[in-house]
Amino acid sequence: MKDRPNRFWAAFAVYAQFIAVVSAAGLFSTSPTILNKGDPIPLYLNKIFSFKTQLPYAYSELNFICPTSARASRPWINLGQVMRGDRIVESDYKITVGRDSSCQVLCDKPVSVEEAMQAKKLILQDYQVEWILDDMPGSTAFYTSEVKTKRYRNGYPLGQVVNGKTYLNNHIAFNILYDTVDHDRIRIVGFEIYPDSFRGDECQPSTIDYGRQEVSERRTTIRYSYSVTWELNKQISWEQRWELYLLASDNSLHWYAIINSLVIVLFMSAILAVILMKAVRKDITDDDKVRFSRANACSQEAADFFCDVQQLYNNNDEALGWKLINKDVFRRPTYGGLFAPLLGSGIQLLTMAILTLRKRYFLLNELAYIGILNRTHRGGIVSFALIMYLLGGFVAGYSSARIYKVFKGRSWQLNAVLTATLVPAVLFLTATIINLFVWTKQSSWAMPFTTWLSLIILWAVVCLPLVMFGAYYGDKQPRLEHPVRVSPVPRIIPYKPWYMSTWISMAAGGALPFAVVFMEVHFLLKSIWQGQMYGSFYFLEIVFVLLVITIIEVTIALVYFQLCSEDYNWWWRSFVVSGASGIYVFCYAIAYWITVLEVDGFVAGLAYVANAFLVSLAFGVCTGTIGFFAAYAFVRQLYSALKVD
């Protein structure tokens, strides 16, 4: 009873530390900003991006635009924003709340030939410009055949190509939508940008065929201008102002995919019901009856030669299948010292995924209410997922230590270090290679050295100690005892047909889970690489549950077939069979890149393939971990019910 106050304060300290870390990471989104009419409001410049090159650049560092003043502030950005290439700086645009303005000149910028050619190249590569006002990205309105209402696309085009000539959009018309709080106070609910190109001193089209600001192989002076319009809009509330940015998709596609997944789940459930619930139960319960009847029949005709032959056949028959390998089924797998850290890493990734996907778990609903895990906050989900991964180190170390102790490992410290470094090392190495290539292109996507240093410090200060502490606690727990003992001499595994090979099992075990998540993978790729915000988290949660059920059923069925073929090396097989779905995800990402995306350039293609590889690897480790623990529970239950002589 005396320990309860101490435990409470310890839990409170951990919770407070978590809040402090999250706050420092910049994950708290602001509450509704109430603006007073007549007050200035800053406009922030961010970056330019293209879906063809996938390489963003800082807008303020372009040579052909108006330079920002030396006093321009640079707001602090979180880690997720740095990783997506954001470089935010305050602009010199003068915007006053509630006050319209037209034909405001920003600057007259002399442009050299090299700078003009740079602008032309970026326009031909279809670069878009992202600016921010009241935490909302400037957007262009559009309509689609799928959804008849107005939708927003992030950013506006840097320029335009008309009749083979390249023009720079040097005039920006801001249309700011707002809702009133009272007579003198408002809230911004929309930020629309309508760019245009004008030559010389013009800022409004005087004729249909008006002059545009062309960029070509010659020096010129470009006048940048802008206009501001404030529009009252009562139809959009502040809470719903992000809805127009969300990916517009037909919900029927999601429901068709979910129905397809349910069919797969029911199909696998039927297989398990027939094979496991019937065959296994009959093997266990009728084993003694069969042996008694056969022995009794032979005892009545002991001198009969045919009875001896039948007895020999029966003795061989009762040893066939999964019962024959009961002394080897829990034999330590090869490379067990690598297998346990891999499972711990999978648990850590699953913890991150579940807490990020389902914010209602463990008080996260309350945190989301005050602003954490806001899906519309730039970089918020990435930063939150990173923090959840770091804090998941305790669970990773504990689970890895428990499995490592089952394998009778000798050094839990080494196992803990491997658990903490296995996945981060792969991520760090791959990201470093990508970063070097992106750095040669001078893209803002290249993470600064300080960011790398921050990640290393977070890993060393947060993740590694938590993994070590979890491993220490897990090593102090009693070893999980298996229902049967392992023989000192391993049994020879008989020859198996080709359809029982590991590759065939991986092909079958990965196909069904991928079929469950196929549609959501498609929409996620469309959201990430085509600049549309994903908003179908409800469907994603349903698909995640169906995915877990499918993995469990497929892995158990394939492991049972393997045991029936007298192959007791099921440890790694259960992991790679269910983890093979990551290979399908990677192959589909490559097919999506080839058939849908228009990514140009070696660096952009390398970045896409590398990111697809990392995501597919993480997905495969997660699904493999789920499959292993399902198979482990099944095998333990199966052999605990077996009567061994």
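Given the structure is predicted, the values throughout are model-derived calculations rather than measurements.

**Quick look at the overall build of the protein chain**
Phase 1: A tally of helices and strands in the protein chain yields 17 helices and 15 strands.
Phase 2: Here the protein chain holds 645 residues, and the buried ones make up 47% of them.
Phase 3: Across the protein chain, every contact between residues at least 6 apart in sequence was considered, and the portion connecting residues at least 24 apart equals 81%.
Phase 4: When the accessible area of the protein chain is evaluated, it comes to approximately 32,700 Å², of which 62% is carbon and sulfur surface.

**Notes on the nonpolar core**
Phase 1: Among the nonpolar cores identified, the biggest contains 116 residues, and F64, W131, F174, L563, W570 and Y639 are the most heavily contacted of them.
Phase 2: With 16 residues, helix α17 (residues 602-640) is the largest single contributor of residues to this core.
Phase 3: If we ignore the near neighbours within four places in the chain, the residues touching Y639 are W322, I325, N326, V329, F330, P483, V484 and L563.

**Some thoughts on helix α13 (residues 502-529)**
Phase 1: In this model α13 runs just 34 Å from its N-terminal to its C-terminal C-alpha over 28 residues, more than 12% under the 40 Å that 1.5 Å per residue would give.
Phase 2: Along its length, α13 shows its largest kink, about 55°, at V517.

**Some details on unusual backbone geometry**
Phase 1: At N163, a position not held by glycine, the phi torsion is positive, near 55°.
Phase 2: Tracing the backbone through its elements, the reader meets N163 in the loop between β11 (159-162) and β12 (165-168).
Phase 3: Classification of N163 by relative accessible area gives exposed; the value is 78%.

**Notes on helix α9 (residues 380-391)**
Phase 1: With 12 residues, α9 extends 16 Å from end C-alpha to end C-alpha; this agrees with the ideal 16 Å at 1.5 Å per step.
Phase 2: Those residues of α9 that sit buried are G380, S383, F384, A385, I387, M388, Y389 and L390.

**Considerations on the packing of aromatic side chains**
Phase 1: Going through the model one piece at a time under the given rule, you end up with 41 aromatic pairs.
Phase 2: On the numbers, 5.9 Å between centres and 25° between planes, the contact of F174 with F191 is stacked. Taken together, the positions of F174 in strand β13 (residues 171-180) and F191 in strand β14 (residues 185-196) put the pair 17 residues apart, joining distant regions of the chain. Each member of the pair F174 and F191 is classed as buried.
Phase 3: Relative to F602, the ring of F437 lies with its centre 5.8 Å away and its plane at 70°, an arrangement referred to as edge-to-face. On the criterion of sequence distance, the pair formed by F437 in helix α11 (residues 412-440) and F602 in helix α17 is long-range, its members being 165 residues apart.
Phase 4: We classify F602 as exposed; its relative accessible area is 59%.

**Focus: the state of the cysteines**
Phase 1: Under the defined criterion, the tally for this structure stands at 1 disulfide.
Phase 2: Bridging C66 to C107, the disulfide has an S-S length of 1.6 Å. Note on the C66 and C107 pair: the S-S dihedral is about -85°, so by sign convention the disulfide is left-handed. Placement of C66 in the loop between β3 (57-58) and α2 (79-83) and of C107 in strand β5 (residues 101-111) is noted, with a sequence separation of 41 residues between them. An identical accessibility class is assigned to C66 and C107; each is buried.

**Examining a nonpolar patch on the surface**
Phase 1: Together, L429, I433, L436, F437 and F602 make up an exposed nonpolar region whose accessible area comes to about 520 Å².
Phase 2: With 4 residues, α11 is the single largest residue contributor to the nonpolar patch.
Phase 3: For I433, the position within the fold is in helix α11.

**Here's the deal with the confidence of the model for the protein chain**
Phase 1: Put simply, the protein chain has an average pLDDT of 81, and 81% of its residues get 70 or more.
Phase 2: Averaged pLDDT values over the elements of the protein chain bottom out at 40 in helix α8 (residues 364-369) and peak at 94 in helix α15 (residues 571-579).
Phase 3: pLDDT under 50 marks residues 1-30. Its contacts with residues more than four places away, or in other chains, come to 39 contacts.
Phase 4: Note on residues 297-319: pLDDT under 50 across the span, and 12 contacts to partners over four residues away in sequence or across chains.

Conventions we followed
Residues numbered from 1 in each chain as written. Predicted model: local features only at pLDDT ≥ 70, side-chain atom pairs only at ≥ 80, totals over all residues. Heavy atoms only, no water. Helix = DSSP H or I, 4+ residues; strand = E, 2+ residues; numbered from the N terminus. Buried < 20%, exposed > 50% of the residue type's maximum accessible area, 1.4 Å probe, protein only. Contact = heavy atoms within 4.5 Å. Areas by Shrake-Rupley, 256 points an atom, 1.4 Å probe, with all protein chains shown as cover. Core = buried A, V, L, I, M, F, W, Y, C linked by side-chain atoms within 4.5 Å. Expected span 1.5 Å × (residues − 1). Bend = angle between axes of the 7 residues up to and from the residue. Phe/Tyr/Trp six-rings, centres within 6.5 Å; stacked < 30°, edge-to-face > 60°. Disulfide = S-S within 2.5 Å. Patch = residues over 30% accessible without salt bridge, like charges linked within 9 Å, V, L, I, M, F, W, Y side chains within 5 Å. Salt bridge = Lys/Arg side-chain N within 4 Å of Asp/Glu carboxyl O. pLDDT = per-residue confidence, 0-100.

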